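Letter by letter, the chains look like this.
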Amino acid sequence: MSTLDRSDETLSTSSAMSGAIDERQALAAIVLWNSGHFDTADIGQLLDVREDAVYRTLHAARHVARGKR
C-alpha cells in the first residue's frame, strides 16, 4: 500500500495543501490588496488561486516590508 492510498482525502483541500502562487499572481495580489478595494477572497477568485495562498502572500510581503527575512 502506497502513502497516497493511506491519505485522508478530506484533508486534500486544507490550507496545508493549497497550490503555489506564481510571482505574477503574488504581485497582483499585493497590488489589489493595497488598492483597498478587495479582500482576500475577492483576490483569490480574480487570480484563480485559493484564498489562503493570497493570505500567506500578503503576510510574507508585510514581513519583508518590515525589513525581516
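The text that follows walks through the structure, step by step, so that each part is easy to find. Here the residue numbering is sequential within each chain, running from 1 through the sequence in written order. Predicted model: local features are reported for residues with pLDDT of at least 70 only, side-chain atom pairs are reported and counted for 80 or more only, and whole-chain, interface and lining totals are derived from all residues. The side-chain figures draw on all heavy atoms in the structure; neither hydrogens nor water molecules are used.

Per the convention used, a helix needs a DSSP run of H or I reaching at least four residues, while a strand needs a run of E reaching at least two, with both numbered from the N terminus. Counting through the fold element by element, Thr 40 comes out in helix H2 (residues 40-47). Residue burial is assigned from relative accessible area. The probe radius is 1.4 Å, only protein chains are included, and a residue is buried under 20% of its type maximum, exposed over 50%, and partly exposed in between. Taking the relative accessible area as the measure of exposure, Thr 40 reaches 12% and is therefore buried. Considering only alpha carbons, one finds Thr 40 and Ala 53, 13 residues apart in sequence, at a separation of 9.1 Å. Should any heavy atoms of two residues lie within 4.5 Å, those residues are considered in contact. Other than its neighbours up to four places away in sequence, Thr 40 contacts Trp 33, Glu 51, Val 54, Tyr 55 and Leu 58.

By salt bridge we mean one thing: a side-chain nitrogen of Lys or Arg within 4 Å of a carboxyl oxygen of Asp or Glu. The full count for this structure, using the stated rule, is two salt bridges. Here Arg 50 makes a salt bridge to Asp 52, at a shortest N to O gap of 3.1 Å. On the basis of relative accessibility, which here comes to 16%, the residue Asp 52 falls in the buried class. Between Arg 56 and Asp 52 there is a salt bridge, and its shortest N-O distance comes to 2.7 Å. Separated by four residues within a single helix, Arg 56 and Asp 52 lie in helix H3 (residues 51-65), roughly one turn from each other. Residues joined in a network through salt bridges with shared partners are Arg 50, Asp 52 and Arg 56.

So, on to unusual backbone geometry. Even without being glycine, Asp 48 reaches a positive phi, approximately 60 degrees. In this structure, Asp 48 sits in the loop between H2 and H3.

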